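# Understanding the architecture of this molecule
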Amino acid sequence: MDGNPRWRPMFTKLKQNQNPIMKYILVTGGVISGIGKGVIASSVGTILKHCGLRVTSIKIDPYINIDAGTFSPYEHGEVFVLDDGGEVDLDLGNYERFLDVTLHRDNNITTGKIYQSVINKERRGDYLGKTVQVVPHITDAIQEWVETVANRPVDGDHADPEVCIIELGGTIGDIEGMPFVEAFRQFQFRVKRENICVVHVSLVPQPSSTGEHKTKPTQASVRELRGLGLSPDFIVCRSEKPIDQSVKHKISNFCHVSPEQVICLHDASSIYAVPLMLEEQQVSHLLSDRLSLNLNTHRPRNFMKKWRDLSTKHEHLRYSVTIVLVGKYTQLEDSYASVIKALQHAALACNRKLELKCMEAEDLEEEAKANRPIKYYEAWQNVCKANGIIVPGGFGQRGMEGKVAVCKWARTMKKPLLGVCLGLQAAVIEYARNVLGWSDANSQEMCPEGTRHVIVEMPEHNPGQLGGTMRLGKRQTVFKSHDSKLRQLYGNVDFIEERHRHRFEVNPKFVADLEASGMKFVGHDVDGERMEIMELADHPYYVACQYHPEYLTRPLKPSPPYLGLILASSGKLEQYLSRGCRMSPTDSPESSDEELPMPPHLLVHQTDKPSMSPASRTTPPLTPQEMSATGLNDSPSPAEKSDLEESKQSL
């Protein structure tokens, strides 16, 4: 997790040979989906990595889609993009952030990938005329895939992993997951029982009518899992409140595991506490005994100190920073999972508690003022009260004019703004319309019949096939100017490598006009043809990028563009940059950690004094009565309508 090169594992394993046998940990779920298997699997991996083991992970999704690339964010949350361009489930983002590894597209297995692989073999005649069946051909393909991917290096040193954590998506009993369950029933004999263990995550509900935890759902889930040929070695009981010892012993008695193998996890204040909660229940020792990992039984006093400090810091933040996220899929928080994590990591680095307000872009449009006045005025009030604004990526015309409107407000009111992907395109369209006077400026995606497309489709994109046809994966961005806030935040490097996911780009033929009027494209692709980073020089922080920096954020290595947004929103960016990307000793709280190098490996310490910067004191275009209001009536008053209308027209 820690990017400091001086860091060494504090809880080392006792080496017995140079080529240890791969160990597998299968994480399954029961009772309900969305119970936290991904966070638990990541947390187990974090503990083992701190024990000195090299860990990789695999996520299995039983849906028939080849990958997550064509999903709506409302289906399974955001689409996470890997270095190799793989569009995968958001849980792989959790794995990368927790374990600080670089996964590959094959680390996400779907039913569609397995069946496609088997069908391709059948078409080539690889099965020599045999009848192709779920057993053994599909189950064999699953096992071969797991074994191959588990041995693929994911660390920077290219060493083979020693432990592979496999999360089986969905719930035990789902018909879609049956081939995978059967495959792992066979797999335990293929790799030997002593080299694989099963962790079953189950819900232990607490009905308000009785006030006591109920174990029957967990008993039924474990019974079904054992009936399918997999016996859980550990049962992780998820609950809203802590589970007492009597319930733990009851689950032990009825589920054929010892009490020590029943791990209780109640809701925590942050996900950073989950690895600590697991280790408090001796998970590392239990896994070492079960899988013969030969870990040193002595636990150093500073074991997992970085995680403890991170969790403690999260719980004791005194001052907050308010960021408004203007998006299209705000009804489901997981739609912007990586964006939210990047904001949280940056806020933690700045000693600020993140107060995130998610606004539907449609509610900021003029049409909403007539059709949904309450939502319209409430959305703009939240925008005006915020310390900073982020406009994340997305696809399609819905809500685009709302994003353009908020970009205009942030630009004219000097409010810190970060645009990502579509956010960059919205900022360019707004600037072309209101600074260059091109009222017909638009995107080819939003208005194909338009006359002035400042955003155009990339020539290599194939509109006839949506899956996997975008500009995907890690690409290099070259800085073209030294006068750049973002370049300083990245450590004044000549180029950076970030992950992309887009079909449209800034039209190269309008770049000269945009730059002549004050918009600077300080980062280009390696060929100098694609605009990657945009900044405005006369603004506290008006930055947008075509790539998705949130995909590479880490808890102790916040993404530089997001770090810049939080610093600017806290009124500390100029001071931070003037000191060479370091805070002054008087502003930094006392810390036992050694000083870390410059970004992106910099852990920033901020003052706990409330910000009094001009950016934080910017008066929004609302009346004092509106600013002090704690809520809105069922309908806005005529005075409120008049005041806000005048403010909007002044923009």
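The following paragraphs examine the structure supplied in this document.

### Looking at the side chain of T46
Mapped onto the elements, T46 comes out in helix α1 (residues 37-50). Overall, the relative accessible area of 1% leaves T46 in the buried class. Discounting chain neighbours no more than four positions away, the residues touching T46 are F98, L99, M304 and W307.

### Some details on the pattern of salt bridges
On inspection of all chains with the given rule, the structure shows 33 salt bridges. R499 is the salt-bridge partner of E96, the closest N and O atoms lying 2.9 Å from each other. Of this pair, E96 sits in helix α3 (residues 91-99) while R499 is found in strand β17 (residues 495-502), placing the two residues 403 residues apart along the sequence. Judged by its relative accessible area of 0%, R499 is buried. A salt bridge links E212 to K214; its shortest N-O distance comes to 2.9 Å. Linked through salt bridges whose partners overlap, the residues forming this network are K59, D61, D89, D91 and E167.

### So, the sheet that holds strand β21 (residues 542-545)
Reading across from one edge, β11-β10-β12-β13-β21-β20-β19-β16-β17 is the order of the 9 strands in this open sheet, with mixed pairing throughout. The outermost strands of the open sheet, each flanked by one partner alone, are β11 (353-360) and β17. Direction aside, neighbouring strands of the sheet carry axes that sit 25° apart on average.

### Examining helix α7 (residues 216-227)
Its 12 residues place the ends of α7 16 Å apart at the C-alpha level, agreeing with the 16 Å of an ideal helix rising 1.5 Å per residue. All of the buried residues in α7 are T218, Q219, S221, V222 and L225. End-on, the buried residues of α7 take up no more than an arc of 165°, which puts them together on one face. Residues of α7 that are exposed and point over 90 degrees away from its buried face: K216, R223 and G227. Buried residues belonging to α7 abut β1 (23-30), β7 (196-203), β8 (234-239) and α8 (245-255). Directly after α7, the chain includes G229, whose backbone phi takes a positive value near 100°.

### A look at the packing of helix α14 (residues 373-385) against helix α15 (residues 400-412)
Put simply, α14 and α15 touch, their axes get as near as 11 Å, and they point 35° apart. For the element pair α14 and α15, the recorded crossing hand is right-handed. In this structure, α14 uses W380, V383 and C384 to contact α15, whose residues at the interface are A405, V406 and W409. In the contact of α14 with α15, the residues fall into 6 nonpolar, no polar and no charged.

Cut-offs used in this document
Residues numbered from 1 in each chain as written. Predicted model: local features only at pLDDT ≥ 70, side-chain atom pairs only at ≥ 80, totals over all residues. Heavy atoms only, no water. Helix = DSSP H or I, 4+ residues; strand = E, 2+ residues; numbered from the N terminus. Buried < 20%, exposed > 50% of the residue type's maximum accessible area, 1.4 Å probe, protein only. Contact = heavy atoms within 4.5 Å. Salt bridge = Lys/Arg side-chain N within 4 Å of Asp/Glu carboxyl O. Pairing = 2+ DSSP bridges. Axes fitted to C-alpha atoms, helices over the stretch in contact; angles between N-to-C directions. Expected span 1.5 Å × (residues − 1). Arc of directions from axis to C-beta. Left-handed = near helix turned anticlockwise from the far one by under 90°. Nonpolar A, V, L, I, M, F, W, Y, C, P; charged D, E, K, R; others polar.

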